[in-house]
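What follows is the residue order along each chain.
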Amino acid sequence: MGVLSRTPAPIDADRPAAADLLRVLAAWAVGAFHIWQQSWLSPTWKLGGLTISIEPQVRTGYMAVDLMLLLSGFLLFLPFARHRVLGTPLESLKKYYIKRALRIVPCYYLCVFVVLFGFALPRGEYGGNMRHLWIDLLSHLTFTHNLFYEGYLGTHLNGSLWTLAVEVQFYLLLPLLGRAFEKRPALTWTVMTALALVYRGWYLPTRDNFSMYFNRLPAMLDVYANGMMASLVYVSLCRRLKGKTDRFSGLFFTAVALLCGYLIFAIMKQQNQ
């Protein structure tokens with residue numbers, strides 16, 4: 001009872017501590033998937049007569065990309081959620097875009113140029129096809145590479161970077177989507193979700209090259225919408241709990257988190273079959 005009687009850590013409506021942990025776990029899952037994809041090493045260990053395997057989770061680590069997108073929707077909408085629920089002021093558009101650019105652009109451009117000059121050009125990946133080279137490079141520099149075959153399926157600059165195109169395109173739309181979601185959360189969530197379902201369920205099947213059109217922002221709008229709705233629920237709970245949790249709520253939300261973790265692992269195992 002001594003442990004249970006301690007005061008739980010305060011909850012912060014500005015920056016949920018668990019978000020960073022989830023981001024690390026999601027990044028690990030995606031990284032492990034790509035390592036497995038390149039090496040085909042089986043993450044299975046034998047300890048005496050016991051066999052331990054996380055291969056189903058590693059093989060389906062790509063699903064954590066959706067978790068990272070959901071986290072982006074959650075975290076980026078937090079200022080709007082706080083503005084709606086707590087009345088805190090919103091930062092200016094100029095400050096918002098500068099912060100986004102500083103967070104993404106330097107490391108991203110470094111990655112692009114390292115791959116270009118360190119691997120693609122020295123290995124002659126483009127084979128003298130300057131059109132392919134320039135479309136690949138310029139589309140990456142403008143975060144539109146998932147819209148072009150040369151910058152996406154035919155890229156020589158790291159195919160995994162398509163997620164940054166989706167993210168930056170969402171960044172650009174967030175001030176508009178955030179305002180709409182703040183004022184009419186249920187309606188905006190419904191519209192975003194409906195657009196994603198229509199895009200995936202109706203538009204994609206009409207495309208000859210399904211893979212070329214799948215990893216685009218419209219297909220992920222419902223994932224972002226779920227993150228934004230979770231952000232609004234989280235800030236509302238913070239207000240109701242006044243920044244603190246009692247023993248019951250602490251145990252309850254811990255149990256919910258563990259259940260969600262179990263369900264995620266179960267879904268990944270089922271997806272692997």
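Residues numbered from 1 in each chain as written. Predicted model: local features only at pLDDT ≥ 70, side-chain atom pairs only at ≥ 80, totals over all residues. Heavy atoms only, no water.

1. Some remarks on the nonpolar core
Short version of the rule: Take the buried Ala, Val, Leu, Ile, Met, Phe, Trp, Tyr and Cys residues and link them wherever side-chain atoms come within 4.5 Å; each set so joined is a nonpolar core. Exposure classes here rest on a 1.4 Å probe applied to the protein chains alone. A residue is buried below 20% of its type maximum, exposed above 50%, and partly exposed in between. Here a strand is any run of E in DSSP of at least two residues, a helix any run of H or I of at least four, and the numbering for each starts at the N terminus.
In this structure, F170, M192, Y224 and M228 are the most contacted members of the largest nonpolar core, which totals 57 residues. Looking at this core, the elements that each hand over two or more residues are α1 (17-39), α3 (64-85), α4 (93-120), α5 (130-141), α6 (162-183), α7 (185-203) and α9 (217-241).

2. Thoughts on unusual backbone geometry
Its identity as a non-glycine residue notwithstanding, W40 has a phi of 60 degrees, on the positive side. Position of W40 among the secondary structure elements: in the loop between α1 and β1 (44-47). The class for W40 is exposed, based on a relative accessible area of 59%. Backbone geometry places N158, a non-glycine residue, at a positive phi of 85 degrees. One can find N158 in the loop between α5 and α6.

3. Some remarks on the pattern of salt bridges
Our working definition: Salt bridges, as used here, are contacts in which a Lys or Arg side-chain nitrogen is within 4 Å of a carboxyl oxygen on Asp or Glu.
Overall, the coordinates contain five salt bridges when judged by the stated rule. Among the ionic pairs, R131 bridges to E150, the shortest N-O distance being 2.9 Å. Separated by 19 residues along the polypeptide, R131 in helix α5 and E150 in the loop between α5 and α6 bring together distant segments of the chain. For R179, the salt bridge goes to E182, with nearest N and O atoms at 3.7 Å. Within this pair, R179 and its partner E182 are both found in helix α6, separated by three residues, close to a single helical turn.

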